[in-house]
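As a plain string of letters, each chain reads:
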Amino acid sequence: MTRKSNGDGGGRSTIRDVAARAGVSASTVSRVLAGDYPVSTATRTRVMRAVRELDYVADARAKAIAGVGTPTLAFVLDDITGPSFAHMAHGVEREATRLGHLCLVCSTDGDTEHELEFIETMRAQRAAAVILVGGTADTAEYRARMSRIADSLASAGSRLVLCGRPPLDPGTPVTVIEYDNESGAYALCSHLLARGHRRILFLGGKPENTTAQGRERGYLAAHRARGEEPDPQLLLAGDFTRDSGHRRIRQALSQGLEFTAVMAATDMVAAGALTALHEAGLSVPDDVSLVGYDDIPFARDLHPPLTTVHVPYEELGRLAVRTALGRTPDAPNEHLLLGTHVVVRDSVAAVPGQLVPDASARVSSQAPAGGLT
């Protein structure tokens, strides 16, 4: 196994180098990397910083002696409670189990340092792949950090997989798996426009989030394809939670914003919006039409059942595992794109006298059966 120099001219780094750099014993380093013994947060931080600085990879033979023999892969996400991410995690776990791998899940709550520490631990333990999920801020710093992580994992025999995250520069050893986010939003907004809606309130996400940006671009593009420009006051930023949807509808109503339809960036946001509309005495879809995005299971159980965009989250998870384990770690950049489609239910009504032909693509009355093709 080849390791990079420890920076002091002494060849590959050892666990003793890490211990010396962190100011702890070699046994403490071993405990931190194994994760099977309690250590203080400060000690763990020092050890993981030393691991990164020295580009250390634990000896596979030592791991075998320690009894850590089951091949693993890691699934890293911001919020494990999100229903869409939960479905992706289910797909990852099922496919990992089928292929004889143990799946480890880390929820970071958006903490970049926590994400880096977990990735370094997985690299030290020689995980077969590290799968990072969810939108992010696509900055130069992000791309540089992800490129370093991809190179570092590849040098340790592991593969970085980005799901729903922006791609990296060509030549980076990474697999990127996305779904057609913007086109799904375009088709959904076109569905509303075709039913005569011209004042469509858009409940988006955080402005810097790439997933939110894609859905907003689809909303704008659908209007512009018809030669129209939406009122900027109808675009309300927030986050992807139920409470955010509820709060923003209350805000829009209190400000006297006029709208005939609401396009929510997620089904969770739509659920909160639906409650707020009902609390205000408004009927969906008789008074206000409402659509969401994701097609999580409860969308069909809302009253009325929610028109939304189906995203194949479980398939994304399974494909991430299968693709990562079927590639050599240092294989060049790979980019896969899965389709989305609108699922028409009962939450949209036509504006009287305004119905026009629907030009939106891939609109269906129900989601297709799951499964890989």
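Anything mentioned here points back to the structure above.
Residue indices begin from 1 for each chain and proceed along its sequence in written order. At least 70 in pLDDT is required for a residue's local features to be given in this predicted model, at least 80 for side-chain atom pairs to be given and counted, and no such filter applies to totals for whole chains, interfaces and linings, which use all residues. Hydrogens and waters are ignored; side-chain quantities use all the structure's heavy atoms.

Asks: Before we go on, may I ask you to explain the nonpolar core in this structure?
Replies: The definition of a nonpolar core used throughout is a set of buried Ala, Val, Leu, Ile, Met, Phe, Trp, Tyr and Cys residues joined through side-chain atoms within 4.5 Å. Exposure is judged per residue with a 1.4 Å probe applied to protein chains only, and the accessible area is read against the type maximum: over 50% gives exposed, under 20% gives buried, and values in between give partly exposed. Counting residues in hydrophobic clusters, the biggest one holds 64 residues, and the most contacted among them are Phe 75, Ile 131, Leu 201, Phe 259 and Met 263. A contact between two residues is defined here by any heavy atoms of the two lying within 4.5 Å. With residues near it in sequence (within four places) discarded, Met 263 still touches Ala 185, Leu 188, Cys 189, Leu 192, Ile 200, Leu 201, Phe 202, Leu 203, Arg 215, Tyr 219 and Val 291. Formed by 20 residues, the second largest nonpolar core is a distinct cluster that contains Val 76, Leu 153, Val 174 and Val 176.

Asks: Would you mind showing me how to read the sheet that holds strand β6 (residues 200-203) here?
Replies: Strand pairing is assigned whenever DSSP identifies at least 2 bridges connecting the two strands. Put simply, DSSP marks the helices as runs of H or I at least four residues long and the strands as runs of E at least two long, and each gets a number from the N terminus on. One open sheet accounts for 4 strands, arranged β7-β6-β8-β9; its pairing is parallel. The sheet is open, and its two edges are formed by β7 (235-236) and β9 (289-291), each paired on a single side. Lines fitted to C-alpha atoms define the axes, with helix axes restricted to the stretch in contact, and inter-axis angles between N-to-C directions lie between 0 and 180 degrees. Docked against the sheet, helix α8 (residues 181-194) engages β6, β8 (261-264) and β9, running at close to 175° with respect to β8. Across the face of the sheet, helix α10 (residues 242-254) comes into contact with β6, β7 and β8 while running at roughly 140° to β6.

Asks: What is the right way to look at the pairing of β8 in this model?
Replies: The alternating pattern of β8 places Ala 261 and Met 263 and Val 262 and Ala 264 on opposite faces, both of which are buried. Here 4 bridges tie β6 to β8, and the two strands are oriented parallel to one another. Each bridged residue has a counterpart across the sheet, and for Phe 202 the counterpart in β8 is Met 263. Bridge analysis of β8 against β9 gives 3 bridges, and the strand direction is parallel.

Asks: Even after reading the chapter, I still don't get the pattern of salt bridges, so can you show me in this structure?
Replies: Proximity of charged atoms lets side chains of opposite charge pair with each other. When a carboxyl oxygen of Asp or Glu is within 4 Å of a side-chain nitrogen of Lys or Arg, the pair counts as a salt bridge. Across all of its chains, the model carries 19 salt bridges by this definition. Close ionic contact of Glu 117 with Arg 44 constitutes a salt bridge, the shortest N to O distance being 3.5 Å. With a gap of 73 residues between them, Glu 117 in helix α6 (residues 112-124) and Arg 44 in helix α3 (residues 41-54) connect regions that are remote in the sequence. Owing to a relative accessible area of 25%, Arg 44 belongs among the partly exposed residues under this scheme. Linked through salt bridges whose partners overlap, the residues forming this network are Arg 94, Glu 314 and Arg 318.

Asks: What exactly am I supposed to notice about α6 here?
Replies: Residues lying three or four places apart along an α-helix face the same way, a consequence of the helix completing one turn every 3.6 residues. With 13 residues, α6 extends 18 Å between its outermost C-alpha atoms, agreeing within 8% with the 18 Å of an ideal straight helix rising 1.5 Å per residue. Along α6, 10 of the 13 residues are buried, which leaves the element largely enclosed by surrounding structure. Where α6 is concerned, the buried positions are Glu 115, Leu 116, Glu 117, Phe 118, Ile 119, Glu 120, Thr 121, Met 122, Arg 123 and Ala 124. Given the number of residues in a helix, its expected span is that number minus one, multiplied by 1.5 Å.

Asks: I tried to follow the packing of aromatic side chains on my own but got confused; where do I start?
Replies: The geometry of an aromatic ring pair is captured by two quantities: the separation of the ring centres and the angle between the planes. Centres within 6.5 Å make a pair out of two Phe, Tyr or Trp rings, where for Trp the six-membered ring is used; the pair is then stacked when the planes are under 30 degrees apart, edge-to-face when over 60, and tilted otherwise. Summed over the entire model, instances satisfying the criterion amount to 2 aromatic pairs. With centroids separated by 5.8 Å and ring planes inclined at 75°, the aromatic side chains of Tyr 179 and Tyr 313 adopt a geometry described as edge-to-face. On the criterion of sequence distance, the pair formed by Tyr 179 in strand β5 (residues 174-179) and Tyr 313 in helix α12 (residues 313-325) is long-range, its members being 134 residues apart. Accessibility classification places Tyr 179 together with Tyr 313 in one group, the buried group. The rule for a charge over a ring is simple: NZ of Lys or CZ of Arg within 6 Å of the ring centre, and within 35 degrees of the ring normal. We note Arg 215 situated over the ring of Phe 240; from NZ or CZ to the ring centre the distance is 6.0 Å. Over the face of the ring belonging to Tyr 293 we find Arg 215, whose NZ or CZ atom lies 3.8 Å from the ring centre.

Asks: What's the story with the environment of Ala 237 in this structure? I'm lost.
Replies: Of note, Ala 237 is situated in the loop between β7 and α10. Along the sequence, Ala 237 and Gly 204 sit 33 residues apart, while their C-alpha atoms lie 4.8 Å from each other. For Ala 237, the residues in contact, after removing those within four places along its chain, are Gly 204, Gly 205, Pro 207 and Arg 248.

Asks: What exactly am I supposed to notice about the sheet that holds strand β4 (residues 159-163) here?
Replies: Two pairing modes exist for strands in a sheet, parallel and antiparallel, and in both the strands are linked by backbone hydrogen bonds. Pairing within the open sheet is parallel, and its 6 strands lie in the order β2-β1-β3-β4-β5-β11. Either end of the sheet is taken by a strand with one partner, and the two such strands are β2 (102-107) and β11 (334-338). Averaged over all adjacent pairs, the angle separating strand axes in this sheet is 15°, with direction ignored. Relative to β2, strand β1 (residues 72-77) is paired through 6 bridges, and the arrangement is parallel. By the bridge assignment for β2, Leu 73 is matched with Cys 103. Strands β1, β2, β3 (129-133) and β4 of the sheet are contacted by helix α5 (residues 83-98), whose axis makes an angle of about 175° with β1. The sheet contacts of helix α7 (residues 140-155) involve β3, β4 and β5, and relative to β4 the element is tilted by about 140°.

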